[in-house]
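Each chain, letter by letter, is given below.
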Amino acid sequence: MKKILIIGATSAIAQEVAKIYATQKHELILWGRNSQMLTAISQDLTVRGASKVSVIAHDLNDFSRHEEFVTNIWKDSKTIDIALLAHGVLGDPRKAETTQSELFKLLNSNFVSHASLLAFISTEMIHQGHGTIAVISSVAGDRGKQSNYVYGSAKAGMTAYVDGLRNRLFKTGVHVLNLKLGPVDTPMTKDHKKGPLFGKAPQVGAGIVTAIEKKKNTVYLPFFWRYIMWIICSIPESIFKKLSL
Amino acid sequence: MMLLPSWGLYPKVQNQASQALESRFASLPLPDSTILPRGLGRSYGDSCLNNGGTLICSNYLNKFISFSSETGLIRCEAGVTFEDVIKLAVPKGWFLPVTPGTKFVTVGGAIANDVHGKNHHKSGNFGNHVTQFELLRSTGERLLCSRNSNPELFKATIGGLGLTGFITWAEFQLIKIDSSWVDQEQIQYHNLNDFFAIAEESEENFDYTVSWVDCVSSSDVRGIFIRGNFANAQSEDNFKLHKEKSLKNVPVFLPEQTLNRFSIRAFNELYFHKNISSHKAGLVHYEPFFYPLDSIHNWNRIYGKRGFLQYQFVVPYKNDAGAALNEIFQVLKKSQMGSFLAVLKTFGNLQPEGLMSFPKEGVTLALDFANYGDSLLKVLETCDSIVRSANGSVYPAKDARMSKQSFSTFYPQIESFEKHIDPKFSSSFWRRVR
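The model shown is predicted, which means the values in this text are computed figures rather than measured ones.

Definitions and limits used
- Residues numbered from 1 in each chain as written.
- Chains lettered and ligands numbered in written order.
- Predicted model: local features only at pLDDT ≥ 70, side-chain atom pairs only at ≥ 80, totals over all residues.
- Heavy atoms only, no water.
- Helix = DSSP H or I, 4+ residues; strand = E, 2+ residues; numbered from the N terminus.
- Rg over C-alpha atoms; globule rule 2.2 N^0.38 Å.
- Buried < 20%, exposed > 50% of the residue type's maximum accessible area, 1.4 Å probe, protein only.
- Contact = heavy atoms within 4.5 Å.
- Lys, Arg positive; Asp, Glu negative; His and termini not counted.
- Charge placed at Lys NZ, Arg CZ, Asp CG, Glu CD.
- Pairing = 2+ DSSP bridges.
- Axes fitted to C-alpha atoms, helices over the stretch in contact; angles between N-to-C directions.
- Disulfide = S-S within 2.5 Å.
- Core = buried A, V, L, I, M, F, W, Y, C linked by side-chain atoms within 4.5 Å.
- Expected span 1.5 Å × (residues − 1).
- Polar contact = N/O pair within 3.5 Å; in protein donor to acceptor, adjacent residues only side chain to side chain.
- Buried area = accessible area lost by both parts, 1.4 Å probe.
- Salt bridge = Lys/Arg side-chain N within 4 Å of Asp/Glu carboxyl O.
- Nonpolar A, V, L, I, M, F, W, Y, C, P; charged D, E, K, R; others polar.

A separate point is the overall build of chain B. In terms of helices and strands, chain B carries twelve helices and 18 strands. Here the C-alpha atoms of chain B give a radius of gyration of 21 Å, agreeing with the 22 Å that 2.2 N^0.38 yields for 434 residues. Counting only C-alpha atoms and orienting by the principal axes, one finds that chain B spans roughly 60 × 55 × 45 Å. Counting all 434 residues of chain B, 59% fall into the buried class. Across chain B, contacts joining residues at least 24 apart in sequence account for 75% of those joining residues at least 6 apart. Between the averaged position of the 44 positive side-chain charges in chain B and that of its 42 negative side-chain charges there is a distance of 5 Å.

A few words now on the sheet that holds strand β9 (residues 218-221) of chain A. Residue and element names in this part refer to chain A. Pairing is parallel in the open sheet, where seven strands are placed in the order β3-β2-β1-β4-β5-β6-β9. The open sheet terminates on both sides in strands that have one partner only, identified here as β3 (52-57) and β9. Shown here is a sheet whose adjacent strand axes are inclined to one another by a mean of 15 degrees, direction ignored. Seen against the sheet, helix α2 (residues 35-48) touches β2 (27-32) and β3 and runs at an angle of roughly 170 degrees to β3. Across the face of the sheet, helix α7 (residues 201-213) comes into contact with β4 (82-85), β5 (131-138), β6 (174-181) and β9 while running at roughly 155 degrees to β6.

Attention shifts here to the sheet that holds strand β8 (residues 142-146) of chain B. Residue and element names in this part refer to chain B. Strand order in the open sheet made by the five strands is β4-β5-β9-β7-β8, with antiparallel pairing throughout. Two strands close off the open sheet at either side, each with one partner strand: β4 (64-67) and β8. The mean inter-strand angle of the sheet, taken between neighbouring strand axes irrespective of direction, is 10 degrees. Where strand β7 (residues 130-136) lies against strand β9 (residues 166-173), six bridges are found, and the strand directions are antiparallel. Residue pairing for β9: V130 is matched across the bridge by F172. Packing of helix α1 (residues 82-89) onto the sheet brings it into contact with β4, β5 (73-77) and β9, and relative to β4 it is tilted by some 40 degrees.

Turning our attention to the state of the cysteines. Residues and elements named next belong to chain B. A complete count under the given rule lists zero disulfides over all chains for this structure. Distance from the sulfur of C76, which forms no disulfide, to the nearest cysteine sulfur (C145) is 16 Å. Classification of C76 as buried rests on a relative accessible area of 0%.

Turning our attention to the nonpolar core. Ranked by internal contacts, the top residues of the largest apolar core, which has 107 residues, are B:F95, B:F133, B:F172 and B:W430. Setting aside its immediate chain neighbours within four residues, B:F95 contacts B:I86, B:V90, B:L174, B:I175, B:I177, B:F230, B:Y286, B:F290 and B:Y291. A:L28, A:A50, A:A201 and A:V219 belong to the second-largest nonpolar core, a separate cluster that totals 33 residues.

Another aspect to go through is α2(A). The end-to-end C-alpha separation of α2(A) is 20 Å, in line with the 20 Å expected for 14 residues at 1.5 Å each. Inspection of α2(A) places A:M37, A:L38, A:A40, A:I41, A:S42, A:D44, A:L45, A:V47 and A:R48 among the buried residues, and these make up the whole buried set. Those residues of α2(A) that are buried lie in contact with α1 (12-23), β2 and β3 of chain A together with β4 and α1 of chain B. You can read the cap of α2(A) off the contacts: a side-chain oxygen lies 3.1 Å from the backbone nitrogen of A:Q36, and it is on A:N34.

Residues apart from glycine generally show negative phi values, whereas peptide bonds are mostly found in trans. Look at the link from A:L221 to A:P222: it is a cis peptide, with omega at -15 degrees. Relative to the helices and strands, A:P222 is located in the loop between β9 and α8 (225-234). The amide bond that connects B:Y10 to the next residue, B:P11, takes the cis arrangement and shows omega of -5 degrees. Along the chain, B:P11 turns up in the segment before β1 (17-20). Backbone geometry places B:N150, a non-glycine residue, at a positive phi of 45 degrees. Relative to the assigned elements, B:N150 resides in the loop between β8 and α4 (151-157). The backbone phi angle of B:L161 is positive, close to 55 degrees, even though this residue is not glycine. With respect to the element layout, B:L161 can be found in the loop between α4 and β9.

Accessible area lost upon the coming together of the parts serves often as the stated size of an interface. Each side of the interface is counted separately: chain A has 15 residues, and chain B has 13 residues. Roughly 1300 Å² of surface becomes buried between chain A and chain B when both sides are summed, with 60% attributable to carbon and sulfur atoms. Taken together, chain A and chain B are joined by zero salt bridges. Mapped onto the side of chain A that touches chain B, the elements with two or more residues apiece are α1 and α2 of chain A. Broken down by class, the residue content of the side of chain A that touches chain B amounts to five nonpolar, four polar and six charged.

A few words now on the pattern of salt bridges. Opposite charge on two side chains lets them pair, provided their charged atoms get close. Following the criterion strictly, the structure yields 27 salt bridges over all chains and no others. Between A:R65 and A:E68 there is a salt bridge, with its nearest N and O atoms 2.7 Å apart. For A:R65, a relative accessible area of 29% translates into the label partly exposed. With a closest N to O distance of 3.5 Å, B:R434 and B:E415 form a salt bridge. Of this pair, B:R434 sits in the segment after α12 (428-433) while B:E415 sits in helix α11 (residues 414-418), and the two are 19 residues apart along the sequence. Residue class for B:R434 comes out partly exposed when judged on its relative accessible area of 34%. One network of salt bridges, with partners in common, ties together B:D46, B:D384, B:D399, B:R401 and B:R432.

This is the structure:
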């Protein structure tokens with residue numbers, strides 16, 4: 001039986017991952033903001049077979065409490081086998097271009113809070129000497145484009161952070177996984193027009209579980225985004241800057 | 001591109017918005033237009049369409065709330081599918097109390113249409129096994145509905161076609177099984193009298209009965225009667241689940257000529273004779289027994305882009321069901337509009353829970369027709385008049401064309417039902433028949 005910490009547990013993708021672990025009778029610790037939803041999710045996971053589910057309802061952008069919460073999680077659980085960071089917001093990309101509050105919301109919710117949490121989580125993981133840290137990033141971080149570069153830059157920051165963390169933790173026995181997701185049909189993207197490239201949350205959730213199991217370093221989900229991003233990243237900047245992507 | 005069509009792909013809707021309810025705690029979206037709850041859209045006609053309005057989708061309401069493997073009582077959100085329930089319950093020795101011919105329906109949709117299955121003669125409709133649910137009204141009220149709490153709304157919502165409010169979660173009772181296998185028997189019958197005789201003989205000893213009927217053969221009405229019971233514990237794979245992934249898919253719409261009276265006749269001929277002996281018995285898994293078409297995804301596309309119409313009616317025994325059935329079979333033969341798949345079954349006398357529920361004691365026939373247009377509509381109107389005079393009714397979940405007059409004759413309780421409709425809720429079906 002594994003102990004799995006899921007941060008941003010109310011996200012649709014996180015829920016799919018949690019369902020799989022619940023069916024495998026693992027123990028889950030869910031951290032998110034909406035306590036009502038966390039309770040509903042913990043009921044669902046219990047019905048599906050989780051051996052134990054506990055919840056922490058607290059705003060992840062309250063950075064001052066990160067250390068305290070992370071320390072308490074390890075104090076209660078002794079070890080955590082898998083820590084998945086799944087929180088984030090799409091926000092309003094247009095507003096973020098000009099409004100500081102929206103800009104900071106996007107950067108904090110998509111990078112700063114992750115960097116802060118990972119600092120404390122990695123300390124605990126190093127101390128226990130094993131485990132996997134998996135972070136949900138985005139293909140938007142591979143190349144900045146006008147439609148959502150604030151979100152994208154936060155994710156790009158995270159990619160660099162996670163790569164560096166993996167490098168640093170390698171010798172300690174702790175594995176670090178970067179999950180680069182394409183758009184997925186979830187409440188987060190409810191206002192977006194769904195095309196054939198939209199992933200389905202259950203499939204993406206299953207892909208995350210497999211990537212964790214196989215100790216992958218960086219994974220694109222759905223897989224074809226690796227090739228799409230390879231093409232997008234190969235476009236020379238002199239041309240790219242003229243495109244409206 | 002058509003937005004959220006019904007399963008029959010007819011009628012087509014052009015002007016229909018959709019939104020999802022984000023959680024069971026969220027308040028109901030209230031756009032300027034009317035709204036209608038939407039599950040997996042397995043209703044064939046327009047009872048799951050809201051042209052000019054908004055569909056409120058339940059796809060994010062996919063959580064279980066509680067389940068007791070001792071008692072089999074389960075509580076879940078309305079968007080949980082029958083497949084989800086099966087995957088959870090079968091390994092623990094439980095099964096759906098009543099299931100239609102597909103597991104791709106939601107719990108909310110099953111209540112709204114008060115679905116029935118092969119065990120109607122023993123277990124009634126799905127609504128008979130529902131203990132309680134929460135109904136979210138456009139006023140913002142959340143009403144707990146059961147046989148004791150808001151009992152009138154409970155009865156109006158079961159079979160209420162999604163018009164009384166949005167079901168957020170429901171609780172129902174599962175049935176105990178010893179294995180996921182079914183002891184099945186198949187018997188050929190060569191006329192309606194044979195069918196009635198086998199049905200009567202089977203009802204006491206078999207939990208599940210149904211029959212496939214060939215209504216295009218030139219001889220008398222013939223078919224295969226299928227009956228079964230969940231099998232006792234088997235030595236291995238006692239609670240084996242169905243395979244989730246299927247490679248069988250209908251990826252594109254087939255040309256409209258694919259199903260014509262010759263191919264349908266050929267299919268029926270082959271299907272009738274697939275039993276080499278006239279009586280065959282054996283063990284089958286629940287998947288092919290209950291859900292023979294689920295393994296072919298998007299099978300509705302075999303009728304082409306024009307879509308197809310289902311027609312299901314019930315006629316009570318006491319009005320000489322046989323005569324009415326024969327009359328309808330004659331009409332169909334004369335019209336040369338063959339039904340690819342026709343299903344004939346008897347309904348028992350268990351009182352349905354819902355005010356507007358479709359099943360009643362008698363015999364039911366379900367047919368599907370490629371969308372031949374006006375000529376088909378005329379034939380079905382003739383069938384309606386036969387059903388009307390036999391005191392029967394037509395199933396709204398499968399209807400796309402019945403007249404106002406037919407609907408109010410089939411469902412005289414419409415007046416008392418109407419009082420419970422949420423003023424913000426409506427559907428294409430409702431505006432058509434009312």
